[in-house]
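# Coordinate analysis (summary)
What follows is the residue order along each chain.
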Amino acid sequence: MGNYPFAGKETSKATLYSSTLALPMHEYEPVKLEDIINDKAMDSLMVMDSFTKAQSIYSKPYEKIFVGVSGGSDSDLVVDICKKLDPYSIKTKYYWANPGLEYKATMRHLDYLEDRYGIKIERIRPKMPIPLVVRKYGQPFLSKLVSEFMYRLQLHDFKWEDEPYDVLIKRYPRSQSALEWWCDEKGEGSRYSIRRNKYLKEFIIANPPTFKIANKCCQKSKKDALYEAMDEYGADLDILGIRKAEGGARGGLNGCFVSDDEAYDVYRPIFWYQKEDKKIYEEAFDIKHSECYGCDGYGLNRTGCACCPFGLGFEEELSACDKYEPQLSKAARNIFKDSYEYTRKYREFVKMMDERKDKVYSFPEFIIEKNGQLKMAV
Ligand code: SF4
């Protein structure tokens, strides 16, 4: 270790604030890599590479760096990197958007991060609380893409008809992209095809949704608030803790750095990290994650909004919440009731269809058994 002020030790908020106060205001000075990395970190070329890149980004003339903290494990690494590169937070500010459905464990973890690193994490209130978003627009169901297309079709009072695209586009001329999704116009391999979700079309035809579905929850409760905070701050760089290997919408992103016509550039320091790189980082720098994770805590493998219906493991999250944060569980079960039930029904449907693969599927509501008898599909 070199003369990095906080390397290798936890720093209490009081210690940092008093030492910061004792220092004269000064300009940002680039940190030397040898002062912030250690031998263990060198076990991963990816970790080394990310530090080199991060140092080069921090050396550029950015003046207002915005770091969105989620309280999740990827975000923990990013806070650690940013703090190492800007130890006095001369040009870095940390923010957390509270969507209104957060684990208390996450709040405790934010306090821990502030104490450990001597930073302030601004808590941003939601622009619109989740229950209001859900009431106004609809509940998230299955995935962002599925919810978005179902929302658009519901807006046009779509009847979930099993007709070709050419027929449907005449009936719903303003729903082009959603109908392309519904009719699998881009082919099964496309992420914009309903066929990406097994038997989803058959399920919806047999069980049209009786509640509103939408992909507005994240945007209205968290993202709008974060964008507003970025504007107010006048951020010229947005740093995000996301990894491509996590999949989902991240899979469509192409690199760790974006500079386009936006008022700010975007940088994702751990974008290319695989699980092994993350582990090396955690051990090298003694990273501690939220109580939400692992067998010593709630046993979850993600944080974020509690029991989000987009999560594959929302049932496990509900069970963990029943045990550790019953009020939160009650709230989630109330807000996302229809979506949970619809997802359970869909999962049962997929199971049933898989078990009946040897039978011929015919009408939306019915299965034709091999002996020719009609049976209800669900
Ligand atoms: S993560 Fe889920 S619950 Fe949270 S805002 Fe987004 S959609 Fe809503």
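Notes on the structure in this doc start here. (Residues numbered from 1 in each chain as written. Predicted model: local features only at pLDDT ≥ 70, side-chain atom pairs only at ≥ 80, totals over all residues.)

This next bit is on the overall build of the protein. Along its length, the protein carries 15 helices and nine strands. A separation threshold of at least 6 residues defines the contact pool for the protein, and within that pool the share at least 24 residues apart is 72%. (Helix = DSSP H or I, 4+ residues; strand = E, 2+ residues; numbered from the N terminus. Contact = placed C-beta atoms within 7 Å.)

With respect to the helices, strands and loops of the structure, Asp-162 is situated in the loop between α7 (144-155) and α8 (165-171). With 39 residues separating them in the primary sequence, Asp-162 and Lys-201 have C-alpha atoms 8.6 Å apart.

Note that Pro-61 resides in the loop between α3 (45-59) and β1 (65-68). Classification of Pro-61 as exposed rests on a count of 7 C-beta atoms within 10 Å. Taking the C-alpha atoms as reference points, Pro-61 and Tyr-28, 33 residues apart in sequence, are found 9.6 Å from one another. (Buried ≥ 20, exposed ≤ 12 C-beta atoms within 10 Å, placed from the backbone.)

So, about the site of the ligand. Taken together, Pro-99, Leu-101, Ile-130, Pro-140, Cys-217, Cys-218, Ser-221, Lys-222, Gly-304, Cys-305, Cys-308 and Phe-310 form the complete shell of residues around the ligand. At four residues, helix α11 (residues 217-233) tops the list of elements feeding residues into the shell around the ligand. (Near = placed C-beta within 6 Å.)

We now examine the pairing of strand β2 (residues 92-97). Both β1 and β2 contribute to a ladder of four bridges, which runs parallel. Paired with Ile-65 across the bridge in β2 is Thr-92. Assessed by its sense of winding, the connection that carries the chain from β1 through helix α4 (residues 73-85) to β2 is right-handed. Inspection of the sheet shows β2 paired to strand β3 (residues 121-124) by four bridges, in the parallel sense. (Pairing = 2+ DSSP bridges. Right-handed = clockwise from strand over helix to strand, strands pointing away.)

Glancing now at the sheet that holds strand β4 (residues 237-239). If you trace the six strands from one edge of the open sheet to the other, you get β3-β2-β1-β4-β6-β5, paired in mixed fashion. Looking at strand neighbours, the two that pair on one side only are β3 and β5 (257-258), the edges of this open sheet. In this sheet, β4 lies alongside β1 in parallel orientation, the contact comprising three bridges. Looking at β4, one finds that Val-67 is bridged to Ile-239. Against the sheet, α4 makes contact with β1, β2 and β4, and its axis sits at roughly 155° relative to β1, the strand it touches most. α11 rests against β1, β2, β3 and β4 of the sheet, and its axis sits at about 155° to β2. (Axes fitted to C-alpha atoms, helices over the stretch in contact; angles between N-to-C directions.)

Within helix α14 (residues 326-335), burial applies to Leu-328, Ala-332 and Ile-335. Taken around the axis of α14, the buried residues stretch over an arc of 70°, which confines them to a single face. Counted as exposed and oriented over 90 degrees from the buried face of α14: Pro-326, Gln-327, Lys-330 and Asn-334. If you follow the buried residues of α14, they end up packed against α6 (130-136) and α13 (314-324). (Arc of directions from axis to C-beta.)

A few words on the nonpolar core. Among the nonpolar cores identified, the biggest contains 43 residues, and Phe-149, Trp-182, Ala-306 and Ala-332 are the most heavily contacted of them. Not counting chain neighbours up to four residues away, the residues in contact with Phe-149 comprise Ala-178, Trp-181 and Trp-182. Counting residues in hydrophobic clusters, the runner-up holds 39 residues, among them Ile-65, Val-69, Leu-85 and Tyr-267. (Core = buried A, V, L, I, M, F, W, Y, C linked by C-beta atoms within 7 Å.)

The next subject is unusual backbone geometry. Apart from glycine, the bulk of residues carry a negative phi angle, and the bulk of peptide bonds sit in the trans form. A positive phi angle, near 55°, is found at Asp-184, a position not held by glycine. With respect to the helices and strands, Asp-184 occurs in the loop between α9 (176-182) and α10 (200-206). A tally of 16 C-beta atoms within 10 Å means that Asp-184 is categorised as partly exposed. Although it is not a glycine, Asp-286 sits at a positive phi angle of roughly 50°. Its location among the elements puts Asp-286 in the loop between α12 (275-284) and α13. Here Asp-286 falls in the exposed class, since 12 other C-beta atoms lie within 10 Å of it.

Time to look at α7. With 12 residues, α7 extends 16 Å from end C-alpha to end C-alpha; this agrees with the ideal 16 Å at 1.5 Å per step. Among the residues making up α7, those that are buried are Val-146, Ser-147, Phe-149, Met-150, Arg-152 and Leu-153. (Expected span 1.5 Å × (residues − 1).)

How two helices pack is summed up by the angle between their axes together with the distance between the axes. Interaxial distance between α13 and α14 falls to 6 Å at its minimum, and their mutual angle equals 140°. If you check the angle between α13 and α14, you find them oblique. Contacts from Leu-318, Cys-321 and Asp-322 of α13 reach α14 at Pro-326, Leu-328, Ser-329, Ala-332 and Arg-333. Along the lines of polarity and charge, the residues of the contact of α13 with α14 split into five nonpolar, one polar and two charged. (Parallel < 35°, antiparallel > 145°, perpendicular 65-115°, else oblique. Nonpolar A, V, L, I, M, F, W, Y, C, P; charged D, E, K, R; others polar.)

All quantities given are derived from atomic positions and should not be read as evidence of function.
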